[in-house]
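The chain contents come next:
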Amino acid sequence: MIELTDRQIQLLQAIIEEYIETAEPVGSETLDKKFNLGVSPATIRNEMVKLTESGFLKQPHTSAGRIPTSMALKFYVRNLMK
């Protein structure tokens, strides 16, 4: 199992909740403005790259934000859903 940092878990939760609400790819600027994660958009982008490489997110095309994969949604349901 892939170990996620607390920041990655917080970010993944924000991405999934935003994706559920909008059904659109989620970008770092949106996350920074809406969720006030306490880190810069560049840090959010770097973490999103790591989550993409780990299989939790995918990018529909180069200039798009990210969308959660089925693996991410399963993680959300098992660990994060209230």
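Here the structure is shown first, and the text comes after it.
Everything numeric in this text was worked out from a predicted model, so none of it was measured.

1. Digging into the packing of aromatic side chains
Part 1 of the reasoning: Summed over the entire model, instances satisfying the criterion amount to one aromatic pair.
Part 2 of the reasoning: With a centroid separation of 5.9 Å and 80° between ring planes, the pair formed by phenylalanine 56 and phenylalanine 75 is classed as edge-to-face. Of this pair, phenylalanine 56 sits in the loop between α3 (41-53) and β1 (57-58) while phenylalanine 75 sits in helix α4 (residues 70-80), and the two are 19 residues apart along the sequence. With respect to burial, phenylalanine 56 and phenylalanine 75 carry one shared label: buried.

2. Some words on the nonpolar core
Part 1 of the reasoning: Core analysis: the biggest nonpolar cluster contains 18 residues, and Leu11, Leu12, Ile15, Leu31, Met48, Leu51 and Phe56 have the highest contact counts within it.
Part 2 of the reasoning: Of all the secondary-structure elements, those providing two or more residues to this core are α1 (6-22), α3 and α4.
Part 3 of the reasoning: Broken down by element, the residue count for this core peaks at five residues, all from α1.
Part 4 of the reasoning: Setting aside its immediate chain neighbours within four residues, methionine 48 contacts Leu11, Ile15, Val26, Ser28, Leu31, Leu57 and Arg66.

3. Some remarks on unusual backbone geometry
Leaving glycine aside, a negative phi is the common case for residues, and trans is the common case for peptide bonds.
Part 1 of the reasoning: Of note, the phi angle at alanine 23 is positive, near 60°, even though the residue is not glycine.
Part 2 of the reasoning: Here alanine 23 lies in the loop between α1 and α2 (28-35).
Part 3 of the reasoning: With a phi angle near 45°, asparagine 36 is a residue other than glycine that sits in the positive phi range.
Part 4 of the reasoning: Along the polypeptide, asparagine 36 turns up in the loop between α2 and α3.
Part 5 of the reasoning: Among the residues examined, asparagine 36 registers a relative accessible area of 63% and is labelled exposed.

4. Details of the pattern of salt bridges
Part 1 of the reasoning: Scanning the entire structure with this criterion turns up three salt bridges.
Part 2 of the reasoning: A salt bridge links lysine 34 to glutamate 18, with the nearest nitrogen and oxygen atoms 2.8 Å apart. Placement of lysine 34 in helix α2 and of glutamate 18 in helix α1 is noted, with a sequence separation of 16 residues between them.
Part 3 of the reasoning: Overall, glutamate 18 belongs to the buried group, its relative accessible area being 7%.

So, how was this worked out
Residues numbered from 1 in each chain as written. Predicted model: local features only at pLDDT ≥ 70, side-chain atom pairs only at ≥ 80, totals over all residues. Heavy atoms only, no water. Phe/Tyr/Trp six-rings, centres within 6.5 Å; stacked < 30°, edge-to-face > 60°. Helix = DSSP H or I, 4+ residues; strand = E, 2+ residues; numbered from the N terminus. Buried < 20%, exposed > 50% of the residue type's maximum accessible area, 1.4 Å probe, protein only. Core = buried A, V, L, I, M, F, W, Y, C linked by side-chain atoms within 4.5 Å. Contact = heavy atoms within 4.5 Å. Salt bridge = Lys/Arg side-chain N within 4 Å of Asp/Glu carboxyl O.

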